[in-house]
Amino acid sequence: EVSLRYVPGIGAVNGGAVLLCFTDVTEREQAGQMRRDFVANVSHELRTPLTALMGFIETLRGAARDDPAARDRFLAIMEGEASRMNRLVGDLLSLNRVESAERVRPKEKLDLTAHLTSTLKSMQPLAEAGNVALSLEAPDEPVHVTGDSDQLQQVFTNLIENAIKYGGDQVRVVLTPMERDPALRAPAARIQVIDNGPGIDPVHLPRLTERFYRADSHRSRELGGTGLGLAIVKHIINRHRGRLRVESDLGAGASFTVILPQ
Ligand code: ADP
């Protein structure tokens, strides 16, 4: 829906003809609203750990001053809150970088088989710590795509990290070369990250890649999530002219599919 507003003062009388200038205000107002929502969200996300930090500083100055055990416990909590803020700022900067590069298509040729093998290797310790079996199913031969190696590593790291964090005890990463993807109408590579965890209620799926949107807010915060991981993933995939599909149901695990043009 588009609403038009007459901008007074721009209209001009020229040789008897009247020029009327209209601007599309809906789009501008929507962008303004989105920016305000974003600033409100960021402020809220930063204020929560800040308030906790200020509370603990006060306690350390007062009641816990002469209690070394309490002091150590509070300092550990404060460290956790500070690193939550650090993660949030890191993700905000990543999002910013990714958004500003979105118009420029990456040019690097890379082999996804090797790329995913090394990403999974670096994530094995996290999987082992969570008692999760992490595996890669990929063809023996290279699967090439044109992409940005660091950004794609961020995509797969975020998806695999989520699968380990929210999933069950099994995460499978499956790479399949496709002669032609019907939507992209081009040769492509399909990468699926599949877990056997509790899954996501389908009502959340359409909004999952929005900034700060969480399907289970309590669990995300408990696990140190910033709510920005999938927004970053979406922007990187857009930059690669690829697609992201999420399939899930409660109790049925979750499957995130990335399609990248070759
Ligand atoms: P967060 O930092 O909260 O993990 P993300 O943007 O990475 O933020 O993910 C958004 C939300 O999607 C998460 O809060 C979580 O509720 C849900 N989610 C993502 N991946 C999974 C998964 N594999 N299983 C269940 N829920 C998931």
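Residues numbered from 1 in each chain as written. Predicted model: local features only at pLDDT ≥ 70, side-chain atom pairs only at ≥ 80, totals over all residues. Heavy atoms only, no water.

A. Focus on the pattern of salt bridges. Tallying each qualifying case throughout the model produces 9 salt bridges. We note a salt bridge from arginine 221 to glutamate 45, for which the minimum N-O separation is 3.3 Å. Placement of arginine 221 in helix H5 (residues 217–222) and of glutamate 45 in helix H1 (residues 25–61) is noted, with a sequence separation of 176 residues between them. Arginine 221 gets classed as partly exposed once you look at its relative accessible area, which sits at 29%. Note that arginine 211 is salt-bridged to glutamate 99, the shortest N-O span being 2.6 Å. Separated by 112 residues along the polypeptide, arginine 211 in the loop between strand S9 (186–195) and H5 and glutamate 99 in helix H2 (residues 68–100) bring together distant segments of the chain. (Salt bridge = Lys/Arg side-chain N within 4 Å of Asp/Glu carboxyl O. Helix = DSSP H or I, 4+ residues; strand = E, 2+ residues; numbered from the N terminus. Buried < 20%, exposed > 50% of the residue type's maximum accessible area, 1.4 Å probe, protein only.)

B. Molecular detail of the site of the ligand. Near the ligand lie 21 residues; those nearest to it are Tyr166, Ser220, Thr226, Gly227 and Leu230. In this structure, an oxygen atom belonging to the ligand sits 3.3 Å away from a side-chain N or O atom of lysine 165. Between leucine 230 and the ligand, the recorded distance is 2.8 Å, taken from a backbone N or O atom to an oxygen atom. Burial of the ligand by the protein chains amounts to 96% of its free accessible area of 540 Å². Of all the secondary structure elements, the ones that give two or more residues to the shell around the ligand are helix H4 (149–166), helix H6 (229–239) and strand S11 (254–261). Considering only residue class, the shell around the ligand consists of 10 nonpolar, 7 polar and 4 charged. (Near = heavy atom within 4 Å. Polar contact = N/O pair within 3.5 Å; in protein donor to acceptor, adjacent residues only side chain to side chain. Areas by Shrake-Rupley, 256 points an atom, 1.4 Å probe, with all protein chains shown as cover. Nonpolar A, V, L, I, M, F, W, Y, C, P; charged D, E, K, R; others polar.)

C. Representation of the packing of helix H3 (residues 112–129) against H4. Two numbers describe how H3 lies on H4: the axes approach to 10 Å, and their chain directions differ by 40°. When the axes of H3 and H4 are compared, the pair comes out oblique. Note that H3 runs across H4; the crossing there is right-handed. From H3, Leu112, His115, Leu116, Thr119, Leu120, Ser122, Met123, Leu126 and Ala127 reach across to H4, where they touch Ser149, Leu152, Gln153, Phe156, Thr157, Ile160, Glu161 and Ile164. (Axes fitted to C-alpha atoms, helices over the stretch in contact; angles between N-to-C directions. Parallel < 35°, antiparallel > 145°, perpendicular 65-115°, else oblique. Left-handed = near helix turned anticlockwise from the far one by under 90°. Contact = heavy atoms within 4.5 Å.)

D. Quick look at the confidence of the model for the protein chain. Of all residues in the protein chain, 91% have pLDDT values of 70 or greater, and the mean over the chain is 91. Put simply, strand S2 (residues 12–14) is where the protein chain has its lowest mean pLDDT, 50, and strand S6 (residues 133–137) is where it has its highest, 98. Taken together, the chains of this predicted complex give a pTM of 0.88 and an interface ipTM of 0.99. (pLDDT = per-residue confidence, 0-100.)

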